[in-house]
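# Fold and geometry: a report
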There are 2 protein chains.
Amino acid sequence: MIDRVALLRLIRTEGVGPQTYRRLRARFDTPEEALAAIPALARAGGRAKAPFVPNAGDVRREIDRFDTLGATLLFLGEPDYPKLLALLPDAPPMIAVLGDVAILHKPIVAVVGARNASVNGCRVAADIAASGRPIASGLARGIDAAAHVAALRTGTTIAAIPGGLDVVYPPEHKALQAEIAERGVLIAEAPPGTAPMARHFPKRNRIIAGLALGVVVIEAALRSGSLITARYALDYGRELFAVPGSPLDARARGTNDLIRQGAHLTESAGDVLMNLPDRPGALFADARIAPAPPGFAEPVALLESGASELDRARRDIPRLLSASPVPVDELALHCQFSPSALVAVLMELELAGRIETLPGNKIGLLLAP
Amino acid sequence: MIDRVALLRLIRTEGVGPQTYRRLRARFDTPEEALAAIPALARAGGRAKAPFVPNAGDVRREIDRFDTLGATLLFLGEPDYPKLLALLPDAPPMIAVLGDVAILHKPIVAVVGARNASVNGCRVAADIAASGRPIASGLARGIDAAAHVAALRTGTTIAAIPGGLDVVYPPEHKALQAEIAERGVLIAEAPPGTAPMARHFPKRNRIIAGLALGVVVIEAALRSGSLITARYALDYGRELFAVPGSPLDARARGTNDLIRQGAHLTESAGDVLMNLPDRPGALFADARIAPAPPGFAEPVALLESGASELDRARRDIPRLLSASPVPVDELALHCQFSPSALVAVLMELELAGRIETLPGNKIGLLLAP
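These lines cover the structure that appears in this document, whether it is placed above or below. Quantities reported herein were computed from a predicted structural model and do not represent experimental measurements.

### Considerations on the overall build of chain A
- Scanning chain A from terminus to terminus reveals 15 helices and 12 strands.
- For chain A, the C-alpha radius of gyration of 21 Å lies close to 21 Å, the compact-globule estimate for 369 residues.
- A sequence separation of at least 24 residues applies to 72% of the contacts in chain A between residues at least 6 apart.
- A total accessible area of about 15,600 Å² is found for chain A, and carbon and sulfur atoms account for 55% of it.
- The averaged location of the 39 negative side-chain charges in chain A is 4 Å from the averaged location of its 40 positive side-chain charges.

### Let's talk about the sheet that holds strand S5 (residues 157-161) of chain B
Residues and elements named next belong to chain B.
- Taking strand neighbours across the sheet as the criterion, the nine strands line up as S1-S2-S6-S5-S4-S3-S7-S8-S9 in an open arrangement whose pairing is mixed. Pairing within the sheet leaves two strands with one partner each, and these edge strands are strand S1 (72-75) and strand S9 (264-265).
- In the sheet, strand S2 (residues 94-99) pairs with strand S6 (residues 185-188) via four bridges, with the strands oriented antiparallel. Bridging from a neighbouring strand, Leu98 pairs with Leu186 of S6.

### Some thoughts on the packing of aromatic side chains
Residues and elements named next belong to chain A.
- All told, the structure shown has four aromatic pairs over all chains when counted by the stated rule.
- Each ring, one from Tyr169 and one from Phe201, has its centre 6.2 Å from the other, and the planes form 75°; the classification is edge-to-face. With Tyr169 in the loop between strand S5 (157-161) and helix H8 (174-183) and Phe201 in helix H9 (residues 200-211), the pair connects residues that are 32 residues apart, well separated along the chain.
- Assessed through its relative accessible area of 39%, Tyr169 is described here as partly exposed.

### Here's the deal with the pairing of strand S8 (residues 239-243) of chain B
Residues and elements named next belong to chain B.
- A large share of S8 lies buried, amounting to four of its five residues.
- Pairing of strand S7 (residues 214-218) with S8 involves five bridges; the strand directions are parallel. When the sheet's bridge partners are listed, Ile218 is paired in S8 with Val243.
- As judged from the two bridges shared by S8 and S9, these two strands associate in the parallel manner.

### Remarks on the packing of H9 of chain A against helix H10 (residues 225-235) of chain A
Residue and element names in this part refer to chain A.
- As a packed pair, H9 and H10 sit with axes 9 Å apart at the nearest point and diverge in direction by 45°. As the angle between them shows, H9 and H10 are arranged oblique. In terms of crossing hand, the pair formed by H9 and H10 is right-handed. On H10, the residues touching Pro202, Asn205, Arg206, Ile208 and Ala209 of H9 are Gly225, Ile228, Thr229, Tyr232 and Ala233.

### Concerning unusual backbone geometry
All names here are of chain A.
- With an omega of -10°, the peptide bond running from Tyr169 to Pro170 counts as cis.
- Mapped onto the elements, Pro170 comes out in the loop between S5 and H8.
- In this structure, Gln336 takes a positive phi of about 70° despite not being glycine.
- Structurally, Gln336 is set in the loop between helix H14 (328-335) and helix H15 (339-351).

### Examining the relation of the copies chain B and chain A
- Rotating chain B by 180° and moving it 0.1 Å along the rotation axis overlays it on chain A with an RMSD of 0.1 Å. Taken together, the rotation and translation describe the operation of a two-fold axis. The C-alpha atom lying nearest the rotation axis in chain B is that of Gly245 of chain B; the distance is 2.0 Å.

### Section: the interface of chain B and chain A
- Each side of the interface is counted separately: chain B has 19 residues, and chain A has 19 residues.
- It is Leu248, Arg260 and Glu267 of chain B in chain B that bury the most area against chain A; as a group they hold 39% of the surface buried on that side.
- In this assembly, chain B and chain A are joined by four salt bridges.
- Between Arg260 of chain A and Glu267 of chain B there is a salt bridge whose closest N-O contact spans 3.0 Å.
- The tally of links between chain B and chain A comes to eight residue pairs in polar contact (both at pLDDT 80 or more).
- Contributions of two or more residues to the side of chain B that touches chain A are made by helix H6 (119-129) and helix H11 (253-260) of chain B.
- Among the residues making up the side of chain B that touches chain A, the classes are represented as eight nonpolar, five polar and six charged.

Rules and cut-offs
Residues numbered from 1 in each chain as written. Chains lettered and ligands numbered in written order. Predicted model: local features only at pLDDT ≥ 70, side-chain atom pairs only at ≥ 80, totals over all residues. Heavy atoms only, no water. Helix = DSSP H or I, 4+ residues; strand = E, 2+ residues; numbered from the N terminus. Rg over C-alpha atoms; globule rule 2.2 N^0.38 Å. Contact = heavy atoms within 4.5 Å. Areas by Shrake-Rupley, 256 points an atom, 1.4 Å probe, with all protein chains shown as cover. Lys, Arg positive; Asp, Glu negative; His and termini not counted. Charge placed at Lys NZ, Arg CZ, Asp CG, Glu CD. Pairing = 2+ DSSP bridges. Phe/Tyr/Trp six-rings, centres within 6.5 Å; stacked < 30°, edge-to-face > 60°. Buried < 20%, exposed > 50% of the residue type's maximum accessible area, 1.4 Å probe, protein only. Axes fitted to C-alpha atoms, helices over the stretch in contact; angles between N-to-C directions. Parallel < 35°, antiparallel > 145°, perpendicular 65-115°, else oblique. Left-handed = near helix turned anticlockwise from the far one by under 90°. Least-squares fit on C-alpha atoms with pLDDT ≥ 70 in both. Buried area = accessible area lost by both parts, 1.4 Å probe. Salt bridge = Lys/Arg side-chain N within 4 Å of Asp/Glu carboxyl O. Polar contact = N/O pair within 3.5 Å; in protein donor to acceptor, adjacent residues only side chain to side chain. Nonpolar A, V, L, I, M, F, W, Y, C, P; charged D, E, K, R; others polar.

As structure tokens, then:
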């Protein structure tokens, strides 16, 4: 069995995002080897100072805090890790869970929507959440809360939260969060004690979409967080459902727009169940959106790259990037390097803090701080 | 020039519906010849008593009443008859018009919806009707009235009414009907003095759909009259637009359903104008919904049918029909008679009052009274 302390040290290493984590696990046999290689990789990526790597004591203290909370830790690649979530190219390397882990292996429906929801919107959310399937949502005000409450009444529910398992947000959901931890599942990617910040919310949203076979959006203004979850659903090959509304209600703009773009027009739980597949569409669909494999294998062995190609890649790839993100596929077509060289250099650049990987597998150059 | 008195006598003859009228005009060179043939045709269709044919005096009195009202009569096949309306297989043989006939030759948008409309629904109707295009509707309460009023404010409007031009229905629309007759166009298919009956409403609806390049449905319950207009729009190859609404509002069930079936999800006049073609889709689309030609030609000359085939067709076709309507196409495939024999026998049966032609070119057997 792989040492969880080493895994968590790697996960908490500065510059190691979910995609870099996957690349490091593919490249190195053990987390210890990856940890040992990190300073050199970051140097190769152009970073002068070595990234911060927590020591064993640091992460043991984190694990102790999880134990005190009664949390189960699910590491990507382990059998208990949710299978649909593992399909994400940016699957969380580890999630901490309170509640019954078995629920995560049932066919899950996500229900998300506006915080400033209308009474009608909340009623629709409750109707749909009473479908009998476990309902995943984000424990936010409005639609999320209505969906969780209704799901608890007729079945069970899963809340993915942006902060630590022991942090309640928003404060009025304290009792609901406790009830979900007891009768459903509460999921956090962040360490205990983490206060939710703006950047945590889209990461939380990807977990909601990633757990589910389909995502139902109820009341969403244009450019709202729920549309980010919808975008993830499409990126991950999940079914997308949207509830229509009057053109005069700004909260229906986003959902009407999703329907116009092809989301299932949804009026009831029946509409959702009728169109819910057994498996994510990405498993069948065209290669462009095919998910990363649940393991850590990369399509081409990294060691195939000759040293001289790697050198050219290290020189050229940063020049091809800009602050405006480009899809990795496009970069690959443009630069003509082998996939292994490309992946190796992207990993180095990410560890060096010079690039970031964004949803939709896009790469953006980070401007020097 | 064809004698309008003879045309109107033919139009007002018992058993002559729009489709039979087209068939008779195709088969006979002049309306007089058709009138002369009617008793024999009805007899061949199995009717003992000759159908009622109004005499010249009867229809001259009707024309006098139209003159007193200041109406213009537009006969199918004449240059002033609206071109899009002429494409209907069941185009009205004659429409009586008050107002500026030229408006009927502009690109028209139809806006229809619930009589028990919500305030919001009426606001959306008004927004969309203010698109600048002439707006056709049915002068009913609710959405229709809101659309007419808004269209008069920014442009012009066309009302197709179920009764006679001089009959006001509903009574509270007296002033609006008068204003439309003056500043827009008021259209009736029925003779002056006709009180609107249930059977007139779907006929009126086909005129609304038939005049327009596209039909916008705003608030429609399931199985409502607006959905009949929507059905005509599809049958006639016109664009179909529907405004979404909350699943909790029964008035949105019909429109949400139309969107699910492929109608353009519509939130504004811009959504309509962006998707409005220059010509009806039926002019381009597959042959199944290709419209009848604006003239009276049938695809195959009727006289090609041998007498013996006609006899067999007269015997067999009534047996193939039942009170449950079947599409003419299906009947044709099933019975193997030539199109000319089929058309001839259907004409005879309709004149004999034994069948009726229904929307979608379906034929149903009328049970003996």
